[in-house]
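Below, each chain spelled out in residue letters.
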Amino acid sequence: MGGGNAQKSAAAREKNMKDMAKTPEERKASAAKAAADSTAFICTICRTTFMINVQPPTLYLHVTSRHPDNAATPEACFTSLKGFDPDDPKGLKKAAEEAKLAAAAAAKKSLRNSKKGGPAVDLLSLGLSTGKGKGSKKK
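What comes next is a walk through the structure.

The next point concerns the overall build of the protein chain. Check the secondary structure of the protein chain and you find 4 helices and 2 strands. When the helices and strands of the protein chain are placed in sequence order, the string is α-α-β-β-α-α. Scored against the burial criterion, the 139 residues of the protein chain give a buried share of 11%. By sequence separation, contacts in the protein chain at least 24 residues apart represent 25% of the contacts at least 6 residues apart. Looking at the protein chain as shown, the accessible area adds up to about 11,700 Å², and 58% of this sits on carbon and sulfur atoms.

Rendered as structure tokens:
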């Protein structure tokens with residue numbers, strides 16, 4: 001009859017579990033990170049804590065519901081709400097405005113380069129042709 005290797009298997013399993021487990025330093029670092037993430041945003045008035053993944057509209061909702069007298073200045077509760085626009089909670093209007101300004105600056109730079117003869121020089125002004133057309137084969 002065959003003898004079992006249950007004891008040997010259990011010892012190997014225990015050894016592998018020890019190798020895969022976190023060290024005490026890793027556990028301590030993980031706990032510290034979790035504690036920091038759970039109290040990422042703290043209301044300066046009522047000391048309510050918010051997780052790190054909370055969005056600015058949620059923080060603004062806290063300001064308007066819990067501290068209506070500070071609704072005009074949400075920075076009084078959360079410093080991260082400085083410049084927050086409640087009419088544009090996702091920042092789409094601001095992003096569109098910044099994109100428009102960047103496009104205008106790029107156009108101005110391109111115009112400036114073309115006047116200097118920089119990289120935006122028109123190929124036709126250099127005497128280069130636009131290429132051969134479909135019916136312009138020479139014989």
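Once the structure has been displayed, the description carries forward.
Now for helix 1 (residues 6–20). Helix length check: helix 1, at 15 residues, gives a terminal C-alpha distance of 21 Å against a target of 21 Å (1.5 Å per residue), a fit within 8%. Helix 1 sits mainly on the outside: 0 of its 15 residues count as buried.

Next up on the list: unusual backbone geometry. Even without being a glycine, arginine 47 presents a positive backbone phi close to 65 degrees. Residue arginine 47 is classed as exposed on the basis of its relative accessible area of 56%.

Ranked by size, the top nonpolar core spans 10 residues in total: Cys43, Phe50, Val54, Leu59, Tyr60, Val63, Cys77, Phe78, Leu81 and Phe84. Contacts of phenylalanine 78, omitting those with residues within four sequence positions, involve Phe41, Ile42, Cys43, Phe50, Leu59, His62 and Val63.

A few words now on helix 3 (residues 56–66). Residues of helix 3 that are buried include every one of Leu59, Tyr60, His62 and Val63, and no others. All buried residues of helix 3 fall inside an arc of 150 degrees around its axis, so they share one side. The exposed set on the far side of helix 3, more than 90 degrees from its buried face, consists of Leu61 and Ser65. Its buried side turned inward, helix 3 meets strand 1 (41–42) and strand 2 (49–50).

The subject of this paragraph is the packing of aromatic side chains. In this structure the tally under the stated criterion is 2 aromatic pairs. Between phenylalanine 50 and phenylalanine 78 the ring centres are 5.6 Å apart and the planes differ by 75 degrees, which places this aromatic pair in the edge-to-face class. Taken together, the residues span a long stretch of sequence, with phenylalanine 50 in strand 2 and phenylalanine 78 in the loop between helix 3 and helix 4 (92–116) at a distance of 28 residues. Looking at phenylalanine 50, the relative accessible area reads 15%, which means it is buried.

Another aspect to go through is the environment of alanine 35. Note that alanine 35 resides in helix 2 (residues 24–38). Along the sequence, alanine 35 and methionine 51 sit 16 residues apart, while their C-alpha atoms lie 9.6 Å from each other.

Tracing the backbone shows asparagine 70 in the loop between helix 3 and helix 4. The class of asparagine 70 is buried, set by a relative accessible area of 16%. Leave out the neighbours within four places in its chain, and asparagine 70 touches Ile45, Val63 and Ala76.

Right, let's talk about the side chain of histidine 62 for a bit. With respect to the helices and strands, histidine 62 occurs in helix 3. Discounting chain neighbours no more than four positions away, the residues touching histidine 62 are Cys43, Cys46, Thr48, Phe50, His67 and Phe78.

In this section: the environment of lysine 22. By the secondary structure assignment, lysine 22 is in the loop between helix 1 and helix 2. Beyond its immediate stretch of four places on either side in the chain, lysine 22 contacts Arg27 and Ser30.

The rules behind each value
Per chain, residue numbering runs from 1 following the sequence as it is written. Per-residue local features of the predicted model are confined to residues with pLDDT of at least 70, and side-chain atom pairs are confined, for both listing and counting, to 80 or more; whole-chain, interface and lining totals are unaffected and use all residues. As a rule here, side-chain values cover all heavy atoms of the structure and leave hydrogens and water aside. Working definition: helices are DSSP H or I runs of at least four residues, strands are E runs of at least two. Numbering for both runs from the N terminus. Relative accessibility decides the category of a residue: with a 1.4 Å probe and only protein chains considered, values under 20% of the type maximum give buried, values over 50% give exposed, and everything between is partly exposed. Any pair of residues with heavy atoms lying within 4.5 Å of one another is described as a contacting pair. Only the protein chains shown count as cover for residues, and all accessible areas are computed by the Shrake-Rupley method using a 1.4 Å probe. Each helix should span, by expectation, one fewer than its residue count multiplied by 1.5 Å. Side-chain atoms within 4.5 Å link the members of a nonpolar core, which is a set of buried Ala, Val, Leu, Ile, Met, Phe, Trp, Tyr and Cys residues. Arc, as used here, means the arc of the directions from the helix axis to the C-beta atoms. Only the six-membered ring of Trp is used, alongside the rings of Phe and Tyr, when aromatic pairs are assigned; centres must lie within 6.5 Å, and planes under 30 degrees apart are stacked while those over 60 apart are edge-to-face, with the rest tilted.

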